[in-house]
Amino acid sequence: MSGRMSLGLTFGGYALIAVLLAVTLGQRAAAMWMVVGSILTYISVAFAARGESASEVYVAGRNIPPIVNGAATAADWMSAASYLSMAGTVALLGFDGLPYIIGWTLGYTIHSFFIAPYIRKSSTWTIPDLIEKRAGGWGVARVIAVIMMFIISMTYLTAQLTGAGVVFSRFLGIPATVGVFGALFGMGIYAAAGGWKSITWTQAVQYVVLIICYLMPVFIVAGALGLYKPLPWFAYGQLIQEVQGKEAAYGLTVWTEPFAKALGGATGQLNWILSALLLMLGTLGLPHILIRSYTTPTARDARASIGWALFFIGLLYCTAPMYATMARYAFSQVWGMTIEAAQQVPWVANFLPTGLLRIEDLNGDGILQPNELTFHGDIVVIGMPDMWGLAWWIAPLVAVGGLAAALSTADGLLMTMATGITRDIYQRFINPNADEAGEVRMTRILVIILSLVSSFMAYLAISSPSFGYYVALVVGWAFVFAASSFTPQVILGTFWKRLNRYGIVWGMIAGMGTALPYVIAVGVAGVQPISIFGQQIGTLAWGFVSFMVNLIVSVVVSLSTRPEDEQVERFVDRMRLPEISVPAPVAGASDAEANATD
């Protein structure tokens with residue numbers, strides 16, 4: 001039986017069970033199956049595409065076609081932050097939420113042209129492997145890189161599981177703090193099934209699921225509002241005008257007012273600009289995204305796959321502001337109602353028990369004012385079908401897409417961290433002669449252990465009394481850490497031969513040492529942010545400062561110490577020379593084999 005037919009039967013069986021449950025046990029049972037059953041479906045895809053060898057586990061055998069890798073990269077990239085939280089962030093912040101869209105999109109464009117092909121041509125296995133090789137084989141550089149990778153990935157993963165908790169809380173009727181553990185059911189299992197090979201093919205399927213589930217409700221609502229002029233993307237401005245008119249009537253700062261709301265804990269034009277730049281720079285240093293370039297056959301394919309990823313990502317990113325507008329409009333419809341009537345609105349009643357929506361009669365007049373309705377940004381997408389009274393089966397479909405987005409990214413992060421322990425620490429320093437089967441087995445065990453640890457961290461995050469935390473902000477902190485550690489090293493390591501081992505190591509330490517305390521102090525402990533030129537700098541904008549610290553320290557230390565030898569210079573030349581028609585080496589190829597392809 002072909003893989004395509006097997007995939008068709010799997011999804012056909014999933015849909016058939018949903019229909020049978022809806023007919024026999026009712027809509028709630030069917031909705032629960034649609035959410036939980038989707039994980040079982042992904043598990044079946046993962047096992048069908050599982051990898052057995054070290055090459056398949058670590059770099060998917062380096063034979064993933066560009067369009068498939070592009071879809072997988074898009075799913076890996078479009079995490080719960082993009083799917084669940086980006087629209088919610090724009091709904092909360094309006095104009096001041098746009099740095100997420102601008103920074104992430106621009107970062108990926110730069111990654112396509114200037115980073116991905118060179119990463120692929122390095123013939124390395126992991127990002128710490130690349131860092132060590134660029135540092136002339138100095139093992140200290142690899143160890144520091146693994147530590148940085150864990151800080152970035154664990155922060156990012158905590159946010160993904162928080163998003164998964166939102167989905168589970170809505171459709172399983174449980175608190176979001178408990179829902180974060182629901183992702184364990186599938187996340188660790190199909191990440192461990194076959195490493196990057198199974199993850200890549202599963203993520204490609206998850207992209208198709210998430211983009212269909214994301215576009216469907218907003219297109220239906222757009223039809224009901226008459227926004228096909230000719231397409232909703234070009235006509236929803238009229239809805240923005242209505243929202244702003246109602247906000248002005250209540251004396252609120254209008255939604256599109258620039259530099260009026262806090263982003264990363266601060267407001268102002270400088271904070272806005274630096275936040276957008278940081279999100280762009282952080283994109284270039286995310287280890288689970290950089291590693292996607294290893295899975296293609298050639299450097300040309302790496303560039304093509306990122307091009308496909310940009311197209312796939314653009315479909316969602318162009319739609320997120322439309323989601324935000326429709327949700328903002330729905331929220332405004334309950335303003336002015338009595339508190340009792342507002343609490344009985346169906347979509348409000350659905351989310352009140354989850355703790356993600358709150359109504360408090362602050363002035364005691366019994367009438368709901370705008371400031372008396374507070375919402376967690378991550379309910380904007382998942383709540384859209386409820387807000388607009390769409391067919392019952394659309395809401396669980398949106399949840400399925402959100403779960404696909406969260407889990408697809410979580411898989412990549414889990415695999416990145418597990419590889420950091422097995423390949424970059426155990427095989428490199430502890431047991432260089434470890435057999436391939438044992439190494440793969442250890443990777444699978446570590447994936448499960450890391451799933452448990454990250455779920456507990458997500459539980460702590462969603463239990464935080466700081467209700468205003470949303471997934472996109474926590475993900476933004478991962479970008480701060482990426483820009484503060486890996487981005488300068490990737491850029492300088494590719495385009496400046498004078499960078500040496502000491503510059504690499506001290507640059508990463510200085511950058512992370514500047515970023516981490518600030519994020520903890522301002523973002524978690526609530527300390528007042530620092531001001532530059534009279535404007536406060538939030539946690540996201542501070543990432544640009546720590547990026548510059550890394551960059552400057554890397555350059556100064558490199559110029560103050562001896563350069564690397566000719567072998568490192570040849571390595572950089574091989575990365576940058578145009579690719580010829582000889583196939584690139586597979587994972588584990590010797591230096592001689594790598595040289596032969598350039």
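Residues numbered from 1 in each chain as written. Predicted model: local features only at pLDDT ≥ 70, side-chain atom pairs only at ≥ 80, totals over all residues. Heavy atoms only, no water.

1. Some points on the side chain of Asn-500
Here is step 1: Its place among the elements puts Asn-500 in the loop between helix H22 (471–495) and helix H23 (501–524).
Here is step 2: Residue Asn-500 is classed as buried on the basis of its relative accessible area, which comes to 0%.
Here is step 3: Among the polar contacts made by the side chain of Asn-500, one reaches the main-chain amide nitrogen of Tyr-502 at a distance of 3.3 Å.
Here is step 4: A polar atom in the side chain of Asn-500 sits 3.2 Å from the side chain of Ser-558.
Here is step 5: Leave out the neighbours within four places in its chain, and Asn-500 touches Val-557, Ser-558, Thr-561, Arg-562, Pro-563 and Glu-564. (Helix = DSSP H or I, 4+ residues; strand = E, 2+ residues; numbered from the N terminus. Buried < 20%, exposed > 50% of the residue type's maximum accessible area, 1.4 Å probe, protein only. Polar contact = N/O pair within 3.5 Å; in protein donor to acceptor, adjacent residues only side chain to side chain. Contact = heavy atoms within 4.5 Å.)

2. Quick look at the nonpolar core
Inside soluble globular proteins, nonpolar side chains tend to come together where they are buried.
Here is step 1: Counting residues in hydrophobic clusters, the biggest one holds 170 residues, and the most contacted among them are Trp-77, Tyr-83, Trp-104, Leu-210 and Phe-331.
Here is step 2: If one sorts the elements of this core by residue count, helix H20 (residues 394–430) sits on top with 16 residues.
Here is step 3: In this structure, this core is formed jointly by two domains, domain 1 (1–48) and domain 2 (57–573), each of which donates at least three residues.
Here is step 4: Setting aside residues up to four positions removed in sequence, Phe-331 forms contacts with Trp-347, Leu-357, Leu-373, Phe-375, Ile-379, Val-380 and Met-387.
Here is step 5: Judged by nonpolar contacts, the second largest core, of 6 residues, contains Tyr-518, Val-522, Ile-537 and Trp-542. (Core = buried A, V, L, I, M, F, W, Y, C linked by side-chain atoms within 4.5 Å. Domains from an automatic or database assignment.)

3. As for the packing of helix H5 (residues 80–93) against helix H6 (residues 98–121)
Here is step 1: The N-to-C vectors of H5 and H6 enclose an angle of 140 degrees; their axes lie 8 Å apart at closest approach. Accordingly, the angle class assigned to the pair H5 and H6 is oblique. Contact residues: Ala-81, Ser-82, Met-86, Thr-89 and Val-90 in H5; Tyr-100, Ile-101 and Trp-104 in H6.
Here is step 2: Looking at side-chain class alone, the contact of H5 with H6 contains 6 nonpolar, 2 polar and no charged residues. (Axes fitted to C-alpha atoms, helices over the stretch in contact; angles between N-to-C directions. Parallel < 35°, antiparallel > 145°, perpendicular 65-115°, else oblique. Nonpolar A, V, L, I, M, F, W, Y, C, P; charged D, E, K, R; others polar.)

4. Some thoughts on the packing of aromatic side chains
Here is step 1: With the rule as written, the count across this model stands at 23 aromatic pairs.
Here is step 2: Where Phe-95 meets Phe-259, the ring centres are 5.6 Å apart and the plane angle is 90 degrees; that geometry is what we call edge-to-face. Taken together, the residues span a long stretch of sequence, with Phe-95 in the loop between H5 and H6 and Phe-259 in the loop between helix H11 (237–249) and helix H12 (269–283) at a distance of 164 residues.
Here is step 3: Judged by relative accessible area, which is 26%, Phe-95 ranks as partly exposed.
Here is step 4: Here the aromatic rings of Trp-104 and Tyr-317 are separated by 6.4 Å at their centres, their planes lie at 40 degrees, and the arrangement is tilted. In this pair, Trp-104 sits in helix H6 while Tyr-317 sits in helix H14 (residues 299–317), placing the two residues 213 residues apart along the sequence.
Here is step 5: Judged by its relative accessible area of 3%, Tyr-317 falls in the buried class.
Here is step 6: Connected via pairs of aromatic rings, a cluster forms that spans Tyr-100, Trp-104, Tyr-156, Tyr-317 and Phe-479.
Here is step 7: Between the NZ or CZ atom of Arg-423 and the centre of the ring of Trp-125, over which it lies, the distance is 3.7 Å. (Phe/Tyr/Trp six-rings, centres within 6.5 Å; stacked < 30°, edge-to-face > 60°. Lys NZ or Arg CZ within 6 Å of the ring centre and 35° of its normal.)

5. Some thoughts on the environment of Ala-29
Here is step 1: With respect to the helices and strands, the residue Ala-29 is situated in helix H2 (residues 27–48).
Here is step 2: Of the residues examined, Ala-29 reaches a relative accessible area of 22% and is grouped as partly exposed.

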